[in-house]
Amino acid sequence: MFGKLKEKLGSFVDKVAQTEISEKDVNRALEDLEWDLLEADVSLEVVDELRERIKKELIGQKVKVGTNKKELVEKAVERAVLDVLTPQRRINLVEEIRAKREKPYVIAFVGFNGGGKTTTIAKLANYLKRHGLSVVIAASDTFRAGAIEQIEEHARRVGVKVIKHQYRSDPAAVAYDAIEHAKAREIDVVLIDTAGRNELNRNLMDEMRKIARITKPDLVIFVGDALAGNAIIEQARQFNEAVRVDGVILTKLDADARGGAALSISHAIGAPILFVGVGQGYDDLKEYDEKWMLEKIFG
Ligand SMILES: Nc1nc2c(ncn2[C@@H]2O[C@H](COP(=O)(O)OP(=O)(O)O)[C@@H](O)[C@H]2O)c(=O)[nH]1
Ligand SMILES: [Mg+2]
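Before going into details, it helps to say that this report is about the structure given with it. Keep in mind that what you see is a predicted model, and the values were worked out from it rather than measured.

Next up on the list: unusual backbone geometry. The amide bond that connects K103 to the next residue, P104, takes the cis arrangement and shows omega of 0°. Within the secondary structure layout, P104 lies in the loop between α5 (93-99) and β3 (105-110). Of note in this structure, E186 is not a glycine but carries a positive phi near 55°. Along the chain, E186 turns up in the loop between α8 (171-185) and β6 (189-194). Given a relative accessible area of 57%, E186 falls into the exposed group. Even without a glycine there, the phi angle at K252 is positive, about 65°. Turning to its location among the elements, K252 is positioned in the loop between β8 (247-251) and α11 (260-268).

Shown next as structure tokens:
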């Protein structure tokens, strides 16, 4: 008898001590966080999706009286953001290159001008060399003035050979020659630098398609400037439609960028972020880590 009463009383106390999370609670807590995310350059599209996710998860949930609801929502946002930042598929580049039977492993770099393709290629060449792999670079940006000299200078500094033709020559032909060169000398990796701007009578996406058709790259990497904010999503989508982007490298995360672009890009195209650029030196290339990125976003 007494036991039953205690049980009843216990469940009564539990009920009293509980409260439901309401839409108002969530909205109030999300207001500040949404500003934080937008300020960190997360796109509106992603913020909207995060909000819906959080609402679905939390509204109606019963919590103990006295629970800090704001904190609860913040934790949920952090979990949701980390979830989006966590790649569905991870690529261990060095392992993939080593596993390929027939050399070379071909990587094409795409992205708009100034995003950091050429610099990133030099950094990656340096990284791959440090992992015991041999590298040759194709100077397939035959378009922008000074592009060939720029990549040559970087390559000289990191100790890698460049295959080049003249300016205005066919970028796909340069890449093809670099692959032939690598085959003949058993070089492990070919890194293809490409141009990044549309001009009259010249379609950048057609050019990328041709390079992809001729070289059949093992990997297409989109290089994007984290400072470009939302614009980067549209860029990545365009290249992804033209040539199927397999991986992303985000640059300039040492600068003001707070990393929101990483969140947006992970959301916009399925491809994982492989590395991030954190400076102008050859060692300023970090393997991607979602926890590091989360820190960056929430500052
Ligand atoms: N601070 C910083 N600058 C970078 C980074 N990556 C590239 N840059 C700079 O961005 C500018 C454009 O880079 P570049 O490689 O020429 O871009 P591309 O036009 O895509 O080939 C150069 O001044 C680079 O030094 C980075 O991770 N951090
Ligand atoms: Mg370039």
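Next, the rest of the story.
Enumeration according to the criterion identifies 24 salt bridges in this entry. K164 is paired through a salt bridge with E152; the nearest N and O atoms lie 3.0 Å apart. Note that K164 is positioned in the loop between β5 (161-163) and α8 and E152 in helix α7 (residues 147-158), a separation of 12 residues in sequence. Take E152: its relative accessible area is 27%, and that puts it in the partly exposed class. Note that K252 is salt-bridged to D225, the shortest N-O span being 3.2 Å. With K252 in the loop between β8 and α11 and D225 in strand β7 (residues 219-225), this residue pair connects regions lying 27 residues apart in the sequence. For D225, a relative accessible area of 15% corresponds to the buried category. A single network of salt bridges, built from pairs that share partners, joins E34, D48 and R51.

Roughly 320 Å³ of volume is contained in the largest pocket. Lining the largest pocket are 19 residues, and of these G114, G115, G116, T119 and K252 sit closest to its centre. Every element with two or more residues in the lining of the largest pocket is listed here: α6 (117-130) and β6. With 5 residues, α6 is the largest single contributor of residues to the lining of the largest pocket. A breakdown of the residues in the lining of the largest pocket according to their chemical character gives no nonpolar, 12 polar and 7 charged. Its boundaries defined by the atoms lining it, the second largest pocket holds a volume of some 250 Å³. In terms of lining residues, the second largest pocket is bounded by 15 residues, among which I91, N92, L93, L274 and E287 are the most central. Of all elements in the fold, only α5 and β9 (273-277) reach the threshold of two or more residues within the lining of the second largest pocket. Tallying contributions element by element places β9 first for the lining of the second largest pocket, with 3 residues.

Thresholds applied
- Residues numbered from 1 in each chain as written.
- Chains lettered and ligands numbered in written order.
- Predicted model: local features only at pLDDT ≥ 70, side-chain atom pairs only at ≥ 80, totals over all residues.
- Heavy atoms only, no water.
- Helix = DSSP H or I, 4+ residues; strand = E, 2+ residues; numbered from the N terminus.
- Buried < 20%, exposed > 50% of the residue type's maximum accessible area, 1.4 Å probe, protein only.
- Salt bridge = Lys/Arg side-chain N within 4 Å of Asp/Glu carboxyl O.
- 1 Å grid on protein atoms, 1.4 Å probe; cavity = no way out; pocket = protein on both sides within 12 Å on 5 of 7 lines; lining within 4 Å.
- Points joined across faces, edges and corners; volume = space filled by probe spheres on them.
- Nonpolar A, V, L, I, M, F, W, Y, C, P; charged D, E, K, R; others polar.

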